[in-house]
Structure formats: C-alpha cells, structure tokens
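Coordinate inspection notes
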Amino acid sequence: MDYRDSPEEAAFRQRLRDWLAGVAGKYPTSGDEYWARQGEWHAELYRAGFFGLSWPREYGGQELAPVFDVILDEELAIAGAPPRPSLGYLIQGLGRHASPELCRRFLPGMIDGSQRWCQGFSEPGAGSDLASLTTTATREGDEYVIHGHKIWTSYSDVADWCLLLARTDPEAPRHKGISAFVIAMKQPGVQQRPLEMMSGVTTEFGQVLFDGARVPAAQMVGAPGEGWKLAMTVVGHEREPATLGYAARYGKLVRQLASRVEGRTPGELAWAAVQSEMLRLHVRRRLSEQLDGVTHGPQGSLDKLLMTWVDQAVGHAALTVAGTGDQEMFGSYLYSRAQSVMGGTSQIQKNIIAARILGLGV
C-alpha cells in the first residue's frame, strides 16, 4: 500500500506544521493545566481551520476526508502539542440520532468550541453493563425531571451541556426503556463531585448527581426508548483509535524512551515498539476502509482491545526505562492502567467480539 500524501494532503500537512511551529509550546499536554486549558486549545484549533475537518460543513465542519484527521493527529504528536479534543463520538451520536432542529441548535457550538460538552452514560453500578443504568427521567408537562448519579464524566465541571442517558420506562426491557437527552449542566439540581486520579489529575473526571434537574421534552434525542441505539453509536465511535489519534502518540513515546536507552534494549520497550507499530498499521487499514465507505459496528471492540494492549505495553516500557522519578513518564504508566476499564472493559469487549463477530454462544 502507498501511504504517501497526495499533493492536497501534503499541502495541508505543511500548512499545519507551519502553524504548529508558533503555537505548540503555548499549551500544556498533561496534568490539571492541560484539562483547564483544553477549551482554549479547542477554540484556537478551530479558528486556525484545524478542527472539525471531516464533519458536516452545515454545522461548521469542512467535510474533508478522514485522512486529514489522521494527519492532524500525527502532526500534533510530532510537534509536542496537546491532542485535539475528543468529540467525534458525540458528533456522530447527535448527527445520526437527533432531529435536524437539535443538530442545528447544538452541533455548531460543539464543533467550534464555544460550548463545552460531557457524556452522561456510566454510573456507579452501570459502567460496562450500561443497560443496567438507574438514572430516571420522569415526564412532567413539557419537561422531564432527572434523578440519578453519573460517574467518570469527563469535563463535567466545565460542561455547558451533557448527552445524558436516563430510564424513561421502568417497565420496559432494560435495553428498551432508556432515552437520551441534551441537558443543561449549569442549573439547580446538578451537583459536581470531582474525582482525583492516582496520577494526581483532579479535573479530568467527575461524579455528577442529578436531583430534580430539568430538561425540556423537546431536547430528547430521538424517540422515547431509543437511547440504547444512540449509546451504541457513541461507544462504537469512542472505541476506534483511528478517530482518537492515539497511534501517533504511542509511537512518539516509544521513540522518546528508546533515545534514553544505552546498550541493550529492554524487552518491555521492544514489545512496546512492536505493539505501537501494529496499531499504526491497523489505524491505516481502518482509514482505508473508511475512505471506501465501510462503516464499523462491533469491530470497534477489536479496536478498543488493540488500543488497550498498546497503551499498557507502552506504559510498562515507560516504567521500565524511566522508573518512577520522571513524573510525566510515570504518569503515562499510571494512566495506562485505566485503559482496560474505561470505554468498556476488556472483558466486555471480548464478549462482544465472541457474540457479534465470531457468532459464539448464539
């Protein structure tokens, strides 16, 4: 296969490199300061024409081919700039399931960074088994009243809006009684409880308690009981490394670690190099399929497993080479431990692969 850029892609890459040369060092790439300034970084990327590349022009995107997103991710990693904010799965969820009115109202602000968003799916007792969620939405006139508890909600403390899953029909089968809403986060009845990670980050994740918060019925996404369909769209795109930009960063981290090694290469680092290259080629294959119009369903679980293996292999290599004294490298190791849980546990991904791809147990 020919991985070289086309003339249009090469021109885009050079324009991006020239721009990054002047701004990459302005923004932190990790820790609380990164999360605090992510909205600012999002807006700057958008103003420069480097955010929303493959999303609909109608809502502020550019409708370019997905390859431009991959070029962006590669160059951000090479320049040492922060990654682009990860919103593609929410764009896909709203774009595919919301009414045209809701899309016109909410997608422009999501894409240009003028409005911050979070995803209210997981609960203390409903993470990978999302269908067991217990947050409720009860109809009162033209509104729904929300009661429940969400957890691991990224950016919840700064979000203006939340794409929320709640149970609207407790009598229906558990997958069919769930509905989706766009709910305002800055209102009475919404309480924030930030979570401190073992890496020291305090602003990435939070718990959110809904105690009588209200959402207009017109802000339901889809029809009552269709929340599960939206959830599957969202998590399917959330699990694809081609749209998350991790592959380039893993490769860069492996090269940084290799530059520190004198003499024989540790086995952990050699394995991380193999794993990161495997993911890079896998992402290229996924990109080729996207360009050919191929859509992915349960195959996203394969992507998620591969990403978990690579993240944790690179994390182990960072610990081996740099030890615990290098805060950034040790942070990479600590963060990698969560990869087998967040976005759906590895055990759940294997169940999906077994049932929906291999046809086992059917």
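All figures in this text were calculated on a predicted structure; none of them were measured in a lab.

Remarks on the overall build of the protein chain
A tally of helices and strands in the protein chain yields twelve helices and eight strands. Whereas a compact globule of 362 residues would reach a radius of gyration of roughly 21 Å, the protein chain reaches 21 Å, a difference of no more than 12%. Along the first, second and third principal axes, the C-alpha atoms of the protein chain reach 70 × 40 × 40 Å. In the protein chain, which comprises 362 residues, the share counted as buried stands at 48%. For the protein chain, the share of sequence-separated contacts (at least 6 apart) that also reach a separation of at least 24 residues comes to 72%. Across the protein chain, the centroid of the 36 positively charged side chains sits 3 Å from that of the 41 negatively charged ones.

Some points on the domain arrangement of the protein chain
The domain boundaries assigned to the protein chain delineate domain 1 (7–85), domain 2 (117–225) and domain 3 (239–357). Counting from both sides, the interface comprises four residues of domain 1 and, opposite them, six residues of domain 2. In total, about 460 Å² of surface goes out of reach between domain 1 and domain 2, with carbon and sulfur atoms giving 52% of it. On the domain 1 side of the interface with domain 2, the three residues burying the most area are Asp32, Trp35 and Gln38, jointly 91% of the side's total. In this assembly, domain 1 and domain 2 are joined by zero salt bridges. Remark: the boundary between domain 1 and domain 2 carries two residue pairs in polar contact (both at pLDDT 80 or more).

With respect to the pairing of strand β4 (residues 161–167)
Within β4, seven of the seven residues are buried, leaving the element largely enclosed by the surrounding structure. Of the two faces of β4, both are covered, the one formed by Trp161, Leu163, Leu165 and Arg167 as well as the one formed by Cys162, Leu164 and Ala166. Across four bridges, the pairing between strand β1 (residues 117–120) and β4 is parallel. Bridged to tryptophan 117 within β4 is tryptophan 161. Alignment of β4 against strand β5 (residues 178–184), held across seven bridges, turns out to be antiparallel. The residue bridging cysteine 162 from the neighbouring strand is isoleucine 183, located in β5.

Overview of the packing of aromatic side chains
The tally for this structure, following the rule as stated, stands at 13 aromatic pairs. A centroid spacing of 5.3 Å and a plane angle of 45 degrees characterise the contact between tryptophan 19 and phenylalanine 50, whose relative ring orientation is tilted. In this pair, tryptophan 19 is assigned in helix α1 (residues 7–23) and phenylalanine 50 in the loop between α3 (38–47) and α4 (67–79), connecting sequence segments 31 residues apart. Cluster of aromatic residues (ring-pair linked, three or more members): Phe12, Trp19, Tyr27, Trp41, Phe50 and Phe68.

Considering the side chain of serine 336
Position of serine 336 relative to the elements: it lies in helix α11 (residues 327–336). The buried category is assigned to serine 336, whose relative accessible area is 0%. Of the polar contacts made by the side chain of serine 336, one reaches the backbone oxygen of tyrosine 333; its length is 2.6 Å. If we ignore the near neighbours within four places in the chain, the residues touching serine 336 are Asp311, Gln312 and Gly315.

Observations regarding α4
Across its 13 residues, α4 extends 18 Å between first and last C-alpha, which sits within 8% of the 18 Å expected from 1.5 Å per residue. Within α4, eleven of the 13 residues are buried, leaving the element largely enclosed by the surrounding structure. On its buried face, α4 is in contact with α1, α3, α8 (246–260) and α9 (267–291).

Rules and cut-offs
- Counting from 1, residues in each chain are numbered in the order their sequence is written.
- Owing to the predicted nature of the model, reporting of local features is limited to residues with pLDDT of at least 70; listing and counting of side-chain atom pairs is limited to 80 or more, with chain, interface and lining totals taken over all residues.
- Hydrogens and water molecules were not included; the side-chain quantities draw on all heavy atoms of the structure.
- Put simply, DSSP marks the helices as runs of H or I at least four residues long and the strands as runs of E at least two long, and each gets a number from the N terminus on.
- Each radius of gyration reported is based on C-alpha atoms, and the globular scaling rule is 2.2 Å times the count of residues to the power 0.38.
- Under the scheme applied here, a residue whose accessible area is under 20% of the maximum for its type counts as buried, over 50% as exposed, and between as partly exposed, the area being computed with a 1.4 Å probe on protein chains only.
- When checking whether two residues touch, look at their non-hydrogen atoms; a contact exists if any pair is within 4.5 Å.
- Two residue types count as positive, namely Lys and Arg, and two as negative, namely Asp and Glu; His and chain ends fall outside the count.
- Note on charges: their place is set at NZ of Lys, CZ of Arg, CG of Asp or CD of Glu.
- For the domain bounds, the source is a domain assignment made automatically or taken from a database.
- Two parts lose some accessible area (1.4 Å probe) when they are put together, and adding that loss for both gives the buried area.
- Salt bridge criterion: a side-chain nitrogen from Lys or Arg within 4 Å of a carboxyl oxygen from Asp or Glu.
- Two N or O atoms count as a polar contact when they lie within 3.5 Å, although within protein this holds only if one can serve as hydrogen donor and the other as acceptor, and sequence-adjacent residues are included solely when both atoms are side-chain atoms.
- Two strands are counted as paired when DSSP detects at least two bridges linking them.
- The rule is short: rings of Phe, Tyr and Trp, with Trp giving its six-membered ring, pair when the centres are within 6.5 Å, and they are stacked under 30 degrees, edge-to-face over 60, tilted in between.
- In a helix, the anticipated span is given by 1.5 Å times the number of residues less one.

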